[in-house]
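# Descriptive analysis of the structure
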Amino acid sequence: MAYGAGTGVNSHHQLNYLLEKMSSPDKDFRFMALNDLMNDLQSNSITLDDGSERSVGKSFLKLLNDKNTEVQNLTVKCLPPLVGRLKGGMAEQIIDSLLANMENEQSGNEQLRDISSMGLKSVIPEVERSHPSIGGAVARKVITKLTAICSSTSNTAITLESLDIIADSLLLFGPSIASVHKSLLWDCLYPNLRHDRMAVRKKAINAISNLVVNSSVEMFCELFEVLLKSCSKENRANLDIVCTTVQCISAVTRKAGHRLNEGMVRNVFPVMLELIDIKDSDETCDIKESCLQTFEALVRRCPKECEAYTDIIIATSLKYLCYDPNYSYDNDDDESMLIDTGNTDDEDEEDEDDEYNDLSDDDDVSWKVRRASAKVLESLVASKPHTAVQFYNENRAALLVSRFKEREESVKDDIFQTFVVLLRQTKMYINSSVTGGDAMECFSVPTTVLQSLIPTIVKESKKMFKSPSMKTRQGIFMVLNDLVIALPGCLSEEFAIVVPGIEKCFEDRSSTANLKLDCLVFVSSALRNHPKEVFYPHLPKLVAPILKGANDKFYRIAADSLQVLQMFVEILLPPTDLEVHEANKDLFNLVFETVYSKLKATDLDQDVKEHAISCMAQIIYNGGDLLGSNLQACLKILVERLSNEVTRLYAVKAFAKIAGSPRSLEFKYEANQAVPLLIQFLKKNHRILRLFSVECLYSLIRRHDAQIAPEQYNFLIETIPIVLTETDLQITQIALNLLGLVVNNNPAIASKVFKDIFPSLIALLKSPVLQGAPLESMLKFLQSLSNPGKISFDALYRPLHDLMFTQTEIVHKQTYSSVAQAVALLSIAAGQQFNIVTEYSGFLSQRSTDNVKEVSRIFCLNTIGEIGKRVDLSQHESLPALILSAFESQNEEMKNAASLALGGITVSAIPTFLPFVLNHLKSQQKSRNLYLLLKSLKEFIVVLLQRGDGALKSLDQELWNNLMSYSDCAEEGTRSVVAECLGRLTLVNYTVHLGYLKQCANNQNPLVASTVVTAVKFAITDKPHPIDEQLKLAMGDFLSCLKHEDVNLRRLTLVMLNSAAHNKPVLIRNQLSNVLALLYKQTLEDKSLIKLVEMGPFKHEFDMGLDLRKTAFECMYTLLETCLDKIPDISEYLTYLQNGLKDRYDIKMLAHLMLIKLSVLVPGAVLQRLDKIMEAIKLTITSKVKNDSVKQEYDKQEEIKKSALRAVLALSKLPEADRVQAVVDVIALCKVNYPDLYNYYENLKKESNLIGLPKRIGTDSIDMET
């Protein structure tokens, strides 16, 4: 038994016992005692006082010089937990002793020196974690000592170890040891760049790159200047030193590229371009590689400064992508591959041997240059989506494709990756252009170039498929996959050449699982992005390998193969094309047999079971009637899967799919078995299961209504109220559609439905969230109940009437609208609409201020308005005047309801009621009634536009003239209503009205101009409209309002710009180059707009420009989503975003969201500004509210800090962000000072890791929806 094992050291006696054993002459005793002490230190079961600290420390230092190597190694392993438990003074003593051991070169004890250096490396990180207060002082002492050691020693081993420790110290304590930076750099690190040994020079480079991250600006600039001078022509005698200097420049740029200014970048390019073209020799490959690595670092870390050199970088990188001086590529052979010569298998094998078994020179390192070139190109393409366009000029993309013949596997993989990134950025840019509406204009050239490259790519693919390298074959499948996604249909003429590669992938026993999975991903993408006719000639050769994959032992290959088979089923047997089935009957049967064997099996992985169910559902959907007796066997298994908790969700989806089949399928027995199980699922606390169960019930009942047993309907009606809730309106909508279907198909069951369901409907109608599609489903269901022979009008109407006429609580305005629409539809269906209007008119004529009566009067007004939208009420001549009298009510809800009701009754009685409205509009003197009358007019216009029957055309000019007379109204709410009406009318007659709006945009009165730009906002629809072309041409005139002095006009112009950017970006994309400067200007705080207002004894600051700035930042955020490619200088964009990080609460929240999006879209540009961004975020995290603040202020403070941490998480995922000290500092700050925020951050990180899991291929309607 080990000494002290399992008991811990709980007394000085036990500790002394272990210390005694640690000094035992028996090495085993020493080792075991040391191990037990380490366990106690790690488990915190030991307490050390001052005396025991000294004893333990001395014992450990003694064991460092132990004769036994295992004891020495374990001692080093014990040092970090020991230092973590010691007080700062004792920890410093141990570090001093370790330094002394390293410094004592004369002792000749190299083993002690090595062990001490290992100890220092392990202890320094522990000091940073456990003793942050003394960390800086310790690091300064260590670096000072090691600097002296490096300067005085000639022992290379000591120098290497010292530089390693210095690099680690700089990484951990960089900002806190700034006082020793200068001496360290010029006395130790820089001289070692000229050391004879390459290993020492590399260690010095690493240390320098860690130092420059936190060095002073002056030191950074001085070092960079010295490094560049060392590469000048007069200093190139020693190429090794030149190479080291270039490597140092590259390392500095990678680590601290964000600190380079435009002048530094301008100075470094000529030097690198000269060095990269230096005359070839044995040493120049490393120089060329380092120069290219510098280009890569500059592109990633200084994207803005490098824009002027983009063409030079591309040309140079493409030149050296072909740099292979020791190998001659046979172009004749390449060209001969363009023609299929019908080679025999033996000839193919001979070609394969020639291609891949060439003898190579082990001393040839030119591949490093080519690999570095590929990485530069990848960085360039990845930096900005629109940079990809430049690769389609001057045959650059063609040159990249020609390098697929690369002989070095690692370089070839990088070339593949570069081309894949090019394709993805091309696709992204195409999508952005499609969103903006100018895809044909922007992308005709790239699309044409890509299409012209297809034969070459396929020819190269044919050779790659024969490669013995799995990595090469995986790479070409990756290229082809992204190719068909970026350019759908591109392989239509060439697919026959690709088929053998797919076959070989599954036939070759040496094929790896990853290769097969990549092949399946490509096949899936090809099937989705090509017409099915492309695959008809190749179906036998394509399906056979996928069938093999379905029987693979590895579950992921089997599951993904089943997904691909599901896609093939749709090609083998289109549901309405029997001729295709006859041609592929045998193949279809093979697919069925394979899938059926998987469906029956019970000992398979969960993924395989689920995809077998999905695939079988597709087979039955497409051709279940051709399966004969096998259909019932499959359906029986699917019913069994419904009863299994693990597979029931996919089985539910399968039945929903099958029930929608256009084929003549009979499964009455199975449907009756499935329905009660599906109804039971409605009770489960599993949303996805409930959702698909309701959908499946709808599909089954629609198909097999007559075969469903009556008791099943009763069970359904008793159970379905569970899902009729406002908490999940998606399920509620489908459930209402299902109930409507049941009632229409079974009128006799209507009474039971009414009895059991109607209370739930009443509760739903009271909900303020019931609107849109769910409300439409509700109204259709009520109409189904009211059809002749079902439920009487009185039975349906009375509960709705009582609901609103006995209501004592405050009712949401949506409830008024929902119930009013229901009553209107029911009364019209029963022919009772005029009676209802007469009854409600009489009620409105009564005068009362009773709360119950107020609710009832508002309801009556809403109902009359809804009926008036559908029926001509002109026979009720006094109705407009009665409604108008409600404008004088003190209740705002009453006045709004009256306004909408007046507009509603005008819709169907234009000749009678519209003149009434317009006459009162002209004579109205009270501004409040003017607003209400204009709102009535707006309701009238909106409803007529929705109908689209052209009724507005004849009224257009009269309405326009009336509305324009109120465009300069002082009240903003009134102007907003006028603007909406004008915008809607502009859509009716845009050829006339748009020109008039354009003239008014320059009106000297800012009120008129603000009405005009708001009208333009309402004229911008999210669907194509004939106005679009003219609006696009006129948009510049409207956006010129951003130059106006009036703050409100500028804000409304930005609202219009934001609407255009969101709904129809093509309107403003060409204007952005002129508008962005004006937009950025609106984000700046204007001190003249901050007013000091006295409120009693207190003075408050009111920022009159806050809404303007907030709108500007909202617009900037929208532009990121739809017009990123039209933002010419993302660096300037980030400059103004940084201002938002220091603004008020709402703007900070927006700025954090923008940062999260930018970290994905332009990571390089964000990384360059990371220091300043993190500085602003740190201010947010450390900010405090005043002690006398209300709870709302504390809540806002907590929310803004959480928002900042969400941004920090996104920024921490940037490449090399973990090396940026500002990011590390903010996270450490939260960990030490804000534990609650740190826990929130850690939880966010875990959630993001889960969300970031890779998705599977071939997802469709049967697969899981999230």
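Note: the structure precedes this text.
Below or above, wherever it landed, is the structure these notes cover.

## Here's the deal with the overall build of the protein
A count of helical and extended segments in the protein gives 60 helices and two strands. Projected onto its principal axes, the C-alpha positions of the protein cover 115 × 90 × 75 Å. Expressed as a percentage of its 1266 residues, the buried residues of the protein come to 55%. Here the contacts in the protein between residues at least 6 apart in sequence split such that 75% fall between residues at least 24 apart. Element-wise, carbon and sulfur atoms account for 49% of the exposed surface of the protein, whose accessible area totals about 54,800 Å². With 138 positive and 161 negative side-chain charges, the protein shows a spacing of 5 Å between the two charge centroids.

## Points about helix α9 (residues 181-192)
Between its first and last C-alpha, α9 extends 15 Å over 12 residues, near the 16 Å set by a 1.5 Å rise per residue. Turning to α9, its buried residues number three or more, namely His181, Leu184, Leu185, Cys188, Leu189, Tyr190 and Asn192.

## Some remarks on helix α51 (residues 1047-1063)
The terminal C-alpha atoms of α51, which comprises 17 residues, lie 24 Å apart, in line with the 24 Å expected from a rise of 1.5 Å per residue. Most of α51 is tucked away, with 12 of its 17 residues classed as buried. Looking at the packing, one finds that the buried side of α51 touches α47 (972-988), α49 (1006-1019), α50 (1028-1039), α52 (1072-1082) and α53 (1106-1122). One side-chain oxygen at the N-terminal end of α51 lies 3.2 Å from the backbone nitrogen of asparagine 1048; it belongs to aspartate 1046.

## Observations concerning the pattern of salt bridges
All told, the structure shown has 44 salt bridges when counted by the stated rule. In this structure, the salt-bridge partner of arginine 396 is aspartate 311, at a minimum N-O distance of 3.6 Å. One end of the pair, arginine 396, is in helix α19 (residues 396-402); the other, aspartate 311, is in helix α15 (residues 310-321), and 85 residues separate them in sequence. For arginine 396, a relative accessible area of 9% translates into the label buried. Judged by relative accessible area, aspartate 311 falls into the partly exposed class, the value being 43%. Linking glutamate 718 and lysine 752 is a salt bridge whose minimum nitrogen-to-oxygen distance equals 3.6 Å. Here glutamate 718 is found in helix α34 (residues 710-719), whereas its partner lysine 752 is found in helix α36 (residues 750-765), with 34 residues between them in sequence. The class for lysine 752 is partly exposed, based on a relative accessible area of 24%.

Reading the values: rules and limits
- Residues numbered from 1 in each chain as written.
- Predicted model: local features only at pLDDT ≥ 70, side-chain atom pairs only at ≥ 80, totals over all residues.
- Heavy atoms only, no water.
- Helix = DSSP H or I, 4+ residues; strand = E, 2+ residues; numbered from the N terminus.
- Buried < 20%, exposed > 50% of the residue type's maximum accessible area, 1.4 Å probe, protein only.
- Contact = heavy atoms within 4.5 Å.
- Areas by Shrake-Rupley, 256 points an atom, 1.4 Å probe, with all protein chains shown as cover.
- Lys, Arg positive; Asp, Glu negative; His and termini not counted.
- Charge placed at Lys NZ, Arg CZ, Asp CG, Glu CD.
- Expected span 1.5 Å × (residues − 1).
- Polar contact = N/O pair within 3.5 Å; in protein donor to acceptor, adjacent residues only side chain to side chain.
- Salt bridge = Lys/Arg side-chain N within 4 Å of Asp/Glu carboxyl O.

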